[in-house]
Amino acid sequence: MPTLTTPAPDTTAAPLRIGPHTVAPPVVLAPMAGITNAPFRTLCREFSGGKGLFVSEMITTRALVERNEKTMQLIHFDATETPRSIQLYGVDPVTVGKAVRMIAEEDLADHIDLNFGCPVPKVTRKGGGSALPYKRNLLRAIVREAVTGAGDLPVTMKMRKGLDDDHLTYLDAGRIAVEEGVTAIALHGRTTAQHYGGTADWDAIARLKEHVPEIPVLGNGDIWSAEDALRMVRETGCDGVVVGRGCLGRPWLFADLVAAFEGRTDSFVRPTLREVADVMVRHATLLGEWIGDEARGVIDFRKHVAWYLKGFAVGSEMRKRLAITSSLEALRAGLDELDLDQPWPSGADGPRGRTSGNNRVVLPDGWLKDPYDCAGVGEDAELDTSGG
């Protein structure tokens, strides 16, 4: 793919240590439900040259313990993936402990990340995701069970600033993580109420780094380009970056990130529409192979179409047509009708994905009465499907 020559960037980020694993450069693919499955991780890893850490989409601990068929597929890793990284969601310390021990004893992964950052109402209304750190004792119990059950496997956690500006939890959660043996923390610089709207608060990432100097802190939020990643490290002092929505429809962003952190000047990938189309077909093909059915793979790929085509001159009717294809032949035929010689469009490196904000935070009844009382978190809070 074509590259754009840029001045050598100023980066001081050292390799990231996650237990026995060295992540260099310190770049992590954020877990995204329905996105960061094995096919998408494969694409990102190929563009990065195998450098970085690529985390699975969120896995529910109860579903894992019960060996739910869909969940067992979600934790499948390609033979070339190393380290194998699973993100777990759970609200019951006992179930989380069982899930972590299962992973360790059956050698299902090399690294476990705990999800305390999901803002989706179906998760928070049960006390999970970004709602959970408000209950400090429950957070501590879950983290303790996870670290104990993991044995030699490193455990990290991802979280948000808090529920809203009046209920910030990230500093307390960071201290609990350190005390319970977590290896590293990732902070998304938004509250639950913000979802993905507004601007990420990078100052909060800097404050967390100052608050828990004992372990690495990774920053997440509003990294749309390699330059953004370098700027986050420079401005916050964080030890690495977690990239989510910025790579939607742009798995080659990881090539940019590696080049930027390595200080190379022959860096950034600027594909033509022809090259983007080739990646789209490969992505859909990988999904079909992973699912075991071409049509289902192409159908699953549909949500990626708009992200890949962002900024290119593609008419609305063609966009709709491509978004309802159900075969690789139809997808390729539609793409071949486009002006594939179009260069990478200016502005296509900007924000993408969900941007909604200022949402009402949905919580269990009485959740805010006591930040330490764990009562009210029942078995039904353990969702049986992956999400967020």
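As the structure is a prediction and not an experimental result, all values here were calculated from the model.

Rules behind the numbers
Position numbers for residues count from 1 along each chain, tracking the sequence in the order it is written. In keeping with the predicted nature of the model, local features appear solely for residues at pLDDT of at least 70, side-chain atom pairs appear and are counted solely at 80 or more, and the whole-chain, interface and lining totals rest on all residues. Water and hydrogen atoms play no part in the side-chain values, which are based on all heavy atoms of the structure. Between N-to-C directions, angles span 0 to 180 degrees; the directions come from axes that are lines fitted to C-alpha atoms, helices contributing only their stretch in contact. By definition, any uninterrupted DSSP run of H or I lasting at least four residues is a helix, any uninterrupted run of E lasting at least two residues is a strand, and each is numbered from the N terminus. Any angle that is under 35 degrees is reported as roughly parallel, and any over 145 degrees as roughly antiparallel; angles of 65 to 115 degrees are reported as roughly perpendicular and all others as oblique. Definitions for this section: a left-handed crossing has its near helix turned counterclockwise from the far helix by less than a right angle. A right-handed crossing has that turn clockwise. By definition, residues are in contact when any of their heavy atoms lie within 4.5 Å. We define the nonpolar core as a collection of buried residues of types Ala, Val, Leu, Ile, Met, Phe, Trp, Tyr and Cys that are connected through side-chain atoms lying within 4.5 Å of one another. Any residue under 20% of the maximum accessible area for its type is buried, any over 50% is exposed, and the rest in between are partly exposed; the area is computed with a 1.4 Å probe on protein chains only. For this analysis, a ring pair means two rings from Phe, Tyr or Trp (six-membered ring only for Trp) whose centres lie within 6.5 Å, classed as stacked if their planes differ by under 30 degrees, edge-to-face if by over 60, and tilted for the remaining angles. Salt bridges are defined by distance alone: a side-chain nitrogen of Lys or Arg within 4 Å of a carboxyl oxygen of Asp or Glu.

Novice: Give me the packing of helix α11 (residues 273–291) against helix α12 (residues 294–301): which residues, what numbers.
Specialist: α12 packs onto α11 with a crossing angle of 130° between their chain directions and a minimal axis gap of 7 Å. Comparing the axis directions of α11 and α12 gives the class oblique. Where α11 crosses over α12, the two elements pack in a sense that is right-handed. Facing α11, whose interface residues are M280, H283, A284, L287, G288 and I291, α12 presents E294, R296, G297, V298, D300 and F301.

Novice: Outline the nonpolar core, supporting the account with residue identities and numerical values.
Specialist: Grouped together as the largest cluster of nonpolar side chains are 110 residues, with contacts concentrated most on L88 and M157. At 11 residues, the largest contribution of residues to this core is made by α11. Residues contacting L88, with those up to four places away along its chain left out, are I59, T61, L64, A99, V100, I103, I112, D113, L114 and N115. Listed in part, the 11 residues of the second largest apolar core include V23, V28, V55 and L218.

Novice: Can you break down the environment of S225 residue by residue, with the values?
Specialist: Note that S225 resides in the loop between β10 (217–220) and α9 (226–236). In sequence terms S225 and C247 are 22 residues apart; their C-alpha atoms lie 8.8 Å from each other. Those residues in contact with S225 that lie beyond four places of it in its chain are L253 and L257.

Novice: Provide a residue-level description of helix α1 (residues 38–48), including the pertinent values.
Specialist: In terms of burial, α1 is largely enclosed, as nine of its 11 residues are buried. Looking at the buried residues of α1, the elements they touch are β4 (27–29), β5 (53–60), α10 (253–261), α11 and α13 (305–308). Positive phi appears at G49, one or two residues downstream of α1, with a value of about 75°.

Novice: Please set out the packing of aromatic side chains residue by residue, giving values where relevant.
Specialist: Aromatic ring pairs are defined here through the distance separating the ring centres and the angle between the ring planes. In the structure shown here, the tally under the stated rule is six aromatic pairs. An angle of 45° between the planes, with centres 6.3 Å apart, marks the rings of W252 and Y308 as tilted. Remark: Y308 occurs in helix α13 and W252 occurs in the loop between β11 (240–243) and α10; sequence separation between them is 56 residues. A residue is classified by how much of its surface remains accessible, and W252, at 1% relative accessible area, is buried. Both rings, one in F312 and one in W344, keep their centres 5.8 Å apart while their planes meet at 80°; by these two values the pair is edge-to-face.

Novice: Got a sec to walk through the pattern of salt bridges? Specific residues and values, please.
Specialist: One pass over the full model with this rule turns up 31 salt bridges. Between K51 and E262 there is a salt bridge, with its nearest N and O atoms 2.6 Å apart. Highlighted residues: K51 in the loop between α1 and β5 and E262 in the loop between α10 and β12 (268–269), separated in sequence by 211 residues. For K51, a relative accessible area of 32% puts it in the partly exposed group.

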